Amino acid sequence: MEREEEQGKKQGHRWVWWLAAVLLVLTAAGGIALCWGNQFSLSLLLEGDGEMFLEYGQRYAEPGVRPVFAGTKLLRGGITPEVSVETHNGINPDRLGRYTVTYYADFHGHRASAERVVWVVDTVCPVIELVPGPDRLPGPGEHYEEDGYRAVDNYDGDITDRVVRTELEGKILYAVADSSGNPCYAERLLPGYDPIRPEITLEGDARMVISAGTFFEEPGYHAWDNVDGDMTDQVEIEGEVLWYKPGTYPIFYTATDSNGNISTVVRSVEVMGQPRVAPVEPEGKVIYLTFDDGPGPYTLALLDVLDKYDVKATFFVVDNGYDDVMREIVRRGHSIGIHTMSHAYGDIYASPEAYFEDLYGMQRRIADITGVETTLMRFPGGGSNTISCPNPGIMTLLTEAVQDAGFQYFDWNVDSNDAGGAKTANTVRENIITGVQGKRFSVVLQHDIHAYSVDAVEGVIRWGLDNGYTFLPLTGDSPTCHHGVRN
């Protein structure tokens, strides 16, 4: 294939040269060419631009020209003859200026020429080098003594004598331009002079709103100084967000650079409390049976007793592995509330953060198991407990905080004493019956982890129904029976 293409090219060249020879003969003869009125000419077409710019010191690369032989009638499209082109440039890349490149060619008595303009230019800016000075400010009445500088250009060489020096407050400006007008600037900050304060940038919003009970997490910040650079790790933060208490809390971020310049920005965090639901007393005589610390091994039997009398109760549960029973409580239509994940008093009352971690943890467990995101809850030990006293005031804080976070906590006004001295079903039953008498509504405390307490329930229900009581589960607007807080 390559050989055939090469032969085709040679044949094409022979045909062109044959035609050119014939035309030359005819032209020389004069007769036929004159009859046709055809005229031939040779021209040189520039490759690349007709005006080029060459950076000072850069080697010139010749783009070249293309000769074209054409007639006014025949060969109007022209041909490219094999002809020698003479090129003259005289370009000196080490000297700025305008240069002309000329091209000459001759083809069988037809002459042609062309020109290209080449500019050797300098577009590189000079450089100003400053001699470092001492690390001190001039004293009162002293004038800053110049430590030295030098300006060098790639074409002009040393142009230090052209530098224009301007003294300003706290700094000196240096400016120079080379012979081609390329500028250069430099600035010297006088030692110790720094009027610029650090810049502090807050991540997130400068004004934030969070719900009460939602832990506040610092979104972050950055600090930068023109002299000291990154100062983020030197930022001092003042202010505290009481995420459990409604209010507006300012947080101050302060950065002080090495020259004593101080910057402070403020972030405002508003803690929004949830509207509180006012308890509503039920009509008639009502008993709310409530059970803590379960589910347990006796809870299913308790559910059967409640079903037998179509009574609904409330279970404040813990995370003890009885997931199926927990689901059954909800399936049978009883109220479910949060008691605690661990019931470890020392851990959950160690701090507000610890308590809410336990509270939210148990809320998530109940939701995962039953699909109910309950806001009913009971404090371990009740709202009046003194078990939390190693952390003074925490119950005063928590009893308000849980309500601001949208929870409703329930204490009790009838204690079965099944976690104390009552160890038989009869004793538990009598304690409850005695406790509810004379009350329009009773919130009864029991524990379904004790068999004897579970065994007492049927007797309580039968007595209550016989004496005109209604049994109801707790809801968000039920009587809360809050105790007096003692811590």
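The shown structure was predicted, so the numbers you read here are calculated from the model rather than taken from an experiment.

(A) Here's a closer look at unusual backbone geometry. The peptide bond linking Gly 294 to Pro 295 adopts the cis configuration, its omega dihedral lying at -5 degrees. With respect to the helices, strands and loops of the structure, Pro 295 is situated in the loop between strand 20 (285-294) and helix 3 (299-308). One non-glycine residue, Asp 293, lies in the positive phi region at around 75 degrees. Following the sequence through the fold, Asp 293 ends up in strand 20.

(B) Just the side chain of Gln 363, in detail. Relative to the elements of secondary structure, Gln 363 occurs in helix 6 (residues 352-370). Beyond its immediate stretch of four places on either side in the chain, Gln 363 contacts Ile 338, Glu 373, Thr 374, Thr 375 and Phe 407.

(C) Seen up close, the pairing of strand 15 (residues 221-225). Burial of the side chains of strand 15 is restricted to one face: Tyr 221, Ala 223 and Asp 225 are buried, whereas none of His 222 and Trp 224 on the reverse face is. For strand 13 (residues 199-202) and strand 15, the ladder comprises 4 bridges, and the chain directions are antiparallel. Across the sheet, residue Ile 200 finds its bridge partner in strand 15, namely Ala 223. Here strand 15 pairs with strand 16 (residues 229-230) via 2 bridges, running antiparallel. Looking at strand 16, one finds that Asp 225 is bridged to Gly 229. The hairpin formed by strand 15 and strand 16 contains 3 residues between the paired strands.

(D) Main features of helix 10 (residues 457-466). The complete set of buried residues in helix 10 reads Val 457, Val 460, Ile 461 and Gly 464. All buried residues of helix 10 lie within an arc of 100 degrees about the axis, which places them on one face of the element. For helix 10, the exposed residues lying more than 90 degrees away from the buried face are Arg 462 and Asp 466. On its buried face, helix 10 is in contact with strand 20, helix 3, helix 8 (425-436), strand 26 (441-447), helix 9 (451-455) and strand 27 (469-471). Downstream of helix 10 by a residue or two, Gly 468 has a phi angle that is positive, lying close to 80 degrees.

(E) The packing of helix 3 against helix 10, seen in detail. Contact pair helix 3 / helix 10: the axes reach a minimum separation of 10 Å and the direction vectors enclose 15 degrees. Between helix 3 and helix 10, the crossing angle belongs to the class labelled roughly parallel. Seen along the crossing, helix 3 lies across helix 10 with a hand that is right-handed. Each of Leu 302, Val 305, Leu 306 and Lys 308 in helix 3 lies in contact with helix 10, whose residues at this interface are Val 457, Glu 458 and Ile 461.

(F) Structural detail: the sheet that holds strand 16. The strand order across the open sheet built from 3 strands is 13-15-16, with neighbouring strands paired in antiparallel fashion. On the outer flanks of this sheet lie strand 13 and strand 16, each paired with one strand and no other.

Reading the values: the criteria
Residues numbered from 1 in each chain as written. Predicted model: local features only at pLDDT ≥ 70, side-chain atom pairs only at ≥ 80, totals over all residues. Heavy atoms only, no water. Helix = DSSP H or I, 4+ residues; strand = E, 2+ residues; numbered from the N terminus. Contact = heavy atoms within 4.5 Å. Buried < 20%, exposed > 50% of the residue type's maximum accessible area, 1.4 Å probe, protein only. Pairing = 2+ DSSP bridges. Arc of directions from axis to C-beta. Axes fitted to C-alpha atoms, helices over the stretch in contact; angles between N-to-C directions. Parallel < 35°, antiparallel > 145°, perpendicular 65-115°, else oblique. Left-handed = near helix turned anticlockwise from the far one by under 90°.

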